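# Chain and residue survey
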Amino acid sequence: MTGGFAVPTVVAATPAATLSVWLAGRFRRRARAGWERIERGQRWLAGRVRLAERARIARDMAAAVVAHEAGIVPPPGPF
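What comes next is a walk through the structure. Everything numeric here is computed off the predicted structure, so don't read it as measured data.

Quick notes on the rules
Counting from 1, residues in each chain are numbered in the order their sequence is written. Where totals are concerned, whole chains, interfaces and linings use all residues; where local detail is concerned, this predicted model gives features only for residues with pLDDT of at least 70, and gives and counts side-chain atom pairs only at 80 or more. Note that the side-chain values use all heavy atoms of the structure and ignore hydrogens as well as water. Each helix is a run of H or I in the DSSP string that is no shorter than four residues. Each strand is a run of E no shorter than two, and both are numbered from the N terminus. Three labels apply to residues, based on accessible area from a 1.4 Å probe with only protein chains included: buried if under 20% of the type maximum, exposed if over 50%, partly exposed otherwise in between. A 1.4 Å probe and the Shrake-Rupley method give the accessible areas. Residues count as covered only by the protein chains that appear here. Within this document, salt bridges are pairs made up of a side-chain nitrogen of Lys or Arg and a carboxyl oxygen of Asp or Glu, the two lying within 4 Å of each other. Patch membership requires more than 30% relative accessible area and the absence of a salt bridge. Residues of like charge join within 9 Å; the nonpolar side chains Val, Leu, Ile, Met, Phe, Trp and Tyr join within 5 Å. The convention is simple: Lys and Arg are positive, Asp and Glu are negative, and His and the chain ends are not counted. To locate a charge, the coordinates of NZ of Lys, CZ of Arg, CG of Asp or CD of Glu are taken.

## Here's the deal with the overall build of the protein chain
Check the secondary structure of the protein chain and you find one helix and zero strands. Going through the 79 residues of the protein chain one by one, you find that 3% of them count as buried. Total accessible area computed for the protein chain in this model is approximately 7,400 Å², and 70% of it derives from carbon and sulfur atoms.

Rendered as structure tokens:
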């Protein structure tokens, strides 16, 4: 049966469906870009934390070496 409602409904629904699909894709791309930006920030922060920890370990090791060397030096005075 070919009623008078089939063609106008399809013609009216096509732009709405196209717009809906386009908007969904746009939302998804923006959401993905937002998550990628957050992940980049987290990777940057993790790198900064690693560098700070390495610097702290290097300072501790340097202090330990100096303390060790200071303990080896003979005391001043006659022997």
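## A look at the pattern of salt bridges
Inspection of the entire model under this criterion finds two salt bridges. R56 is the partner of E53 in a salt bridge, and the nearest nitrogen-oxygen pair spans 2.6 Å. One end of the pair, E53, and the other, R56, are both in helix α1 (residues 6-72), three residues apart, so they sit about a helical turn from each other. Looking at E53, the relative accessible area reads 36%, which means it is partly exposed. Here R56 makes a salt bridge to D60, at a shortest N to O gap of 2.7 Å. In this pair, R56 and D60 are both assigned in helix α1, four residues apart and thus about one turn of the helix distant.

## Some words on a positive patch on the surface
A surface patch of positive charge is lined by R26, R28, R29, R30 and R32. Checked against the element boundaries, R30 lands in helix α1. For R30, a relative accessible area of 56% puts it in the exposed group.

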